[in-house]
Amino acid sequence: PTLAQWIQSHPSPIDVHAAASLVEKLADGVAYVHLKGLVHRDIKPSNVLLDVGNAQGDEPIIIPRLTDFGLAREAKHPDVESSPASWAGTLQYVAPEQFLRTEYVDGPGVDIYGLGVLLYRLLTGQLPHVEEDPVKLVTGICETPPLPLRSLRRDIPRDLEAICMRCLEKQPGLRYQSATELAE
């Protein structure tokens, strides 16, 4: 099953440790993608397959597998001119720099942001930015900080909230600088 299917069948926010573990494993996978010189650019629940392994105690081992590299691009550093292509991906998971077409549009921060949106969704049961009007949605993604996670769910540890909110920073330079750093 995909993570999107799993979320649909479990509408309430999931256990904080399970959410953190899932995103940690995904971040390790994204680090490998970045090591190979690519940026995924479309990290979202429907692009994550869940491989359920042997049970460890009462809980099965769930291994997330990132799929659908159709929008992947060669990673670009800020000093390298980006291609003229516009943003790509699912609107709610797209990083601000992709809309604003900054020099970071094809950088690893795009995937860090996507992992942050995914973690926010898993922990709170909602997306950081929700608007019916696409223009208002893009404006919110680019300008409005999301609600703090603990204002939506008090049992989220402060450190995990800080990790998630750092992933969702508007400026890529304020986010984790690598998926490895996020996983750690």
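Residues numbered from 1 in each chain as written. Predicted model: local features only at pLDDT ≥ 70, side-chain atom pairs only at ≥ 80, totals over all residues. Heavy atoms only, no water.

*Asks:* For this particular structure, what's the right way to read the side chain of Lys44?
*Replies:* You can see Lys44 is positioned in the loop between β1 (38-39) and β2 (48-56). With near-sequence residues (within four places) excluded, Lys44 lies in contact with Thr90, Tyr93 and Leu118. (Helix = DSSP H or I, 4+ residues; strand = E, 2+ residues; numbered from the N terminus. Contact = heavy atoms within 4.5 Å.)

*Asks:* Quick question: what am I supposed to make of the environment of Glu169 here?
*Replies:* Examined against the element boundaries, Glu169 turns out to sit in the loop between α7 (158-167) and α8 (179-183). The sequence separation of Glu169 and Ala95 amounts to 74 residues, and the corresponding C-alpha distance is 9.3 Å. Those residues within four positions of Glu169 in sequence are excluded, and the remaining contacts are Tyr113, Leu174 and Arg175.

*Asks:* What am I meant to see in the pattern of salt bridges here?
*Replies:* A side chain with one charge may pair with a side chain of the opposite charge, provided their charged atoms come close. Throughout the structure, instances matching the rule amount to 5 salt bridges. Between Arg65 and Asp51 there is a salt bridge, with the nearest N and O atoms lying 3.0 Å from each other. With Arg65 in strand β3 (residues 59-66) and Asp51 in strand β2, this pair connects stretches of sequence that are 14 residues apart. Given the relative accessible area of 41%, Arg65 is considered partly exposed. One salt bridge in this structure joins Arg153 and Asp155, with 2.7 Å as the shortest N-O distance. Judged by its relative accessible area of 15%, Arg153 is buried. (Salt bridge = Lys/Arg side-chain N within 4 Å of Asp/Glu carboxyl O. Buried < 20%, exposed > 50% of the residue type's maximum accessible area, 1.4 Å probe, protein only.)

*Asks:* How do you make sense of the packing of helix α4 (residues 109-124) against α7 when you look at a structure like this?
*Replies:* Packed helices, taken two at a time, are described by the angle between their axes plus the distance between the axes. The geometry of α4 relative to α7 is characterised by a closest axis approach of 7 Å and an angle of 140 degrees between their N-to-C directions. Taken as axis vectors, α4 and α7 run oblique relative to one another. As for how α4 packs across α7, the hand of that crossing is left-handed. Across the interface between the two elements, Ile112, Tyr113, Gly116, Leu119, Tyr120 and Leu123 from α4 touch Leu160, Cys164, Met165 and Cys167 from α7. Partitioned by chemical class, the residues of the contact of α4 with α7 number 9 nonpolar, 1 polar and no charged. (Axes fitted to C-alpha atoms, helices over the stretch in contact; angles between N-to-C directions. Parallel < 35°, antiparallel > 145°, perpendicular 65-115°, else oblique. Left-handed = near helix turned anticlockwise from the far one by under 90°. Nonpolar A, V, L, I, M, F, W, Y, C, P; charged D, E, K, R; others polar.)

*Asks:* Hey, could you run me through helix α2 (residues 16-35) in this one?
*Replies:* Because an α-helix packs 3.6 residues into every turn, residues spaced three or four apart end up facing the same way. For α2, with 20 residues, the first-to-last C-alpha span of 28 Å sits near the 28 Å given by 1.5 Å per residue. Three or more residues of α2 are buried, namely Val16, Ala19, Leu22, Val23, Leu26, Ala27, Val30, Ala31, Val33 and His34. Capping of α2 at its N-terminal end is provided by Asp15; its side-chain oxygen lies 3.0 Å from the backbone amide nitrogen of His17. Downstream of α2 by a residue or two, Gly37 has a phi angle that is positive, lying close to 90 degrees. (Expected span 1.5 Å × (residues − 1). Polar contact = N/O pair within 3.5 Å; in protein donor to acceptor, adjacent residues only side chain to side chain.)

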